[in-house]
Amino acid sequence: MEQRQAQEEARTEARETKERIVAEAERVAEETTHWKSGGERMRQLMDEWKAAPRTDRATEQALWRRMSSARNAFSKRRKAYFANLDSERENIRALKEKIVSEAEAICDSTDWGRTAGRYRDLMDEWRSAGRADRASEDQLWARFKGAQDVFFQAREAAFSERRAELQVNADAKEALLAEAQRLLPVSDPRDARQQLRDLKQRWDDAGEVPRESRDRLEGEFRRIEDEVRNSEDKEWRRSGPAHAESMVAKLQASVQRLQDDLEKAKATGDTGKIRAAEKALDNGQSLLSAAERQMGQMR
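Presented here is a report on the structure given in the accompanying data block.

Here is what the cut-offs are and how they apply
Residues numbered from 1 in each chain as written. Predicted model: local features only at pLDDT ≥ 70, side-chain atom pairs only at ≥ 80, totals over all residues. Heavy atoms only, no water. Helix = DSSP H or I, 4+ residues; strand = E, 2+ residues; numbered from the N terminus. Rg over C-alpha atoms; globule rule 2.2 N^0.38 Å. Buried < 20%, exposed > 50% of the residue type's maximum accessible area, 1.4 Å probe, protein only. Areas by Shrake-Rupley, 256 points an atom, 1.4 Å probe, with all protein chains shown as cover. Contact = heavy atoms within 4.5 Å. Axes fitted to C-alpha atoms, helices over the stretch in contact; angles between N-to-C directions. Parallel < 35°, antiparallel > 145°, perpendicular 65-115°, else oblique. Left-handed = near helix turned anticlockwise from the far one by under 90°. Nonpolar A, V, L, I, M, F, W, Y, C, P; charged D, E, K, R; others polar. Phe/Tyr/Trp six-rings, centres within 6.5 Å; stacked < 30°, edge-to-face > 60°. Lys NZ or Arg CZ within 6 Å of the ring centre and 35° of its normal.

Below, the discussion takes up the overall build of the protein. Within the protein, the regular secondary structure consists of eight helices and zero strands. In the protein, the order of α-helices and β-strands from amino to carboxyl end is α-α-α-α-α-α-α-α. Relative to the compact-globule value of 19 Å for 299 residues, the protein shows a C-alpha radius of gyration of 45 Å, a clear excess of over 25%. Seen through its C-alpha atoms, the protein measures out along the principal axes to roughly 150 × 40 × 30 Å. Burial analysis of the protein (299 residues in total) assigns 31% to the buried set. When the accessible surface of the protein is totalled, it reaches about 19,200 Å², and 47% of it is carbon and sulfur.

Here you go:
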């Protein structure tokens, strides 16, 4: 009697142990998404099952069917997850292949602003695409970065060359500015105006300068122009109407000569000579207009 009771208690304990094992296996099979730790736990539960004592035959078989079903369900879910992951990674790889192909296609572009903007967009697309498999990711990234490096290194070389050109122009204008500053204070307004006219032509021919130098250089040159112009105005007021009329006549003759020079330049078709003649004529007409206004004020 006691032996039978002990056997029954042992079977009950075995059943409870295996029911606990099966219940946890079913939970792992249904809920876990941490596949490595989940697989490890399934193996531990299987070891616990094997080590646990057996219960009655019917119960043992029923519990084993549940245990086996849980293991199979976990394996199927894990296999489906990785199959889907492989599919996603292949889609990502194909998308990044397109991104890299475009990056390589535009790496020789010299449309610096627009192409740099497109590289920024492609970088955003790369980041938002997700990750492909490790090998493809590393290979594609090396190609993408290589294409970027080709473009941005070429752009930097072009910008460096341009900065050097602009600095040469700035140095030339610094020298012209120093030459113009020697006209001050103005002792002979007419001579100063003549020299300044030549300096202005050379100043314009010197070309563009770096942005950080432009305002200072242009502002200082305009200040000198204003001082020369003011000295001329003072001289006009001192010299009287007769001198003003004489000056207007001379400037009219000068403007006529400059107009003739422009026509000759146009006949040659030389754009450089035409541009220089047009600037000279503009300056002459500006002086003539100023002289005519001054003469009108004196009457």
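More follows now that the structure is in view.
The subject of this paragraph is the side chain of Gln-148. Within the secondary structure, Gln-148 sits in helix 5 (residues 134-181). What makes Gln-148 buried here is its relative accessible area of 14%. Non-local contacts of Gln-148, meaning those with residues more than four positions away in its chain, are made with Tyr-119 and Met-123.

In contact at an axis separation of 11 Å, helix 2 (residues 35-51) and helix 3 (residues 57-105) are set at 165° when each is read in the N-to-C sense. Taken together, the axes of helix 2 and helix 3 lie roughly antiparallel to each other. Remark: the crossing between helix 2 and helix 3 carries left-handed chirality. For the pair formed by helix 2 and helix 3, the contact residues are Trp-35, Gly-38, Gly-39, Met-42, Leu-45, Met-46 and Trp-49 on the first element and Glu-60, Leu-63, Trp-64, Met-67, Ala-70, Arg-71, Phe-74, Arg-77, Arg-78, Tyr-81 and Phe-82 on the second. The class makeup of the residues in the contact of helix 2 with helix 3 is 12 nonpolar, two polar and four charged.

Turning to the packing of aromatic side chains, a few remarks are in order. By the definition in use, this model includes 13 aromatic pairs. On the basis of an interplanar angle of 45° and a centroid distance of 5.5 Å, the ring pair of Trp-49 and Trp-64 is categorised as tilted. With a gap of 15 residues between them, Trp-49 in helix 2 and Trp-64 in helix 3 connect regions that are remote in the sequence. Residue class for Trp-49 comes out buried when judged on its relative accessible area of 8%. Taking 4.9 Å as the distance between ring centres and 80° as the angle between the ring planes, the aromatic pair formed by Phe-151 and Phe-152 counts as edge-to-face. Accessibility expressed as a relative area gives 27% for Phe-152, which makes it partly exposed. Put simply, the rings of Trp-112, Tyr-119, Phe-151, Phe-152 and Phe-159 touch in pairs and so form one group of aromatic residues. Between Lys-18 and the ring centre of Trp-49, over which it is positioned, the NZ or CZ distance is 4.4 Å. Over the aromatic face of Trp-126 sits the side chain of Lys-96, whose NZ or CZ is 4.0 Å from the ring centroid.

Next up on the list: the packing of helix 3 against helix 5. At a minimum axis separation of 8 Å, helix 3 and helix 5 run at an interaxial angle of 20°. The angle between helix 3 and helix 5 places the two elements in the roughly parallel class. Considering the relative orientation of helix 3 and helix 5, their crossing is left-handed. For the pair formed by helix 3 and helix 5, the contact residues are Arg-93, Lys-96, Glu-97, Ile-99, Val-100, Ser-101, Ala-103 and Glu-104 on the first element and Ser-136, Glu-137, Leu-140, Arg-143, Phe-144 and Ala-147 on the second. Its residues placed into classes, the contact of helix 3 with helix 5 shows six nonpolar, two polar and six charged.

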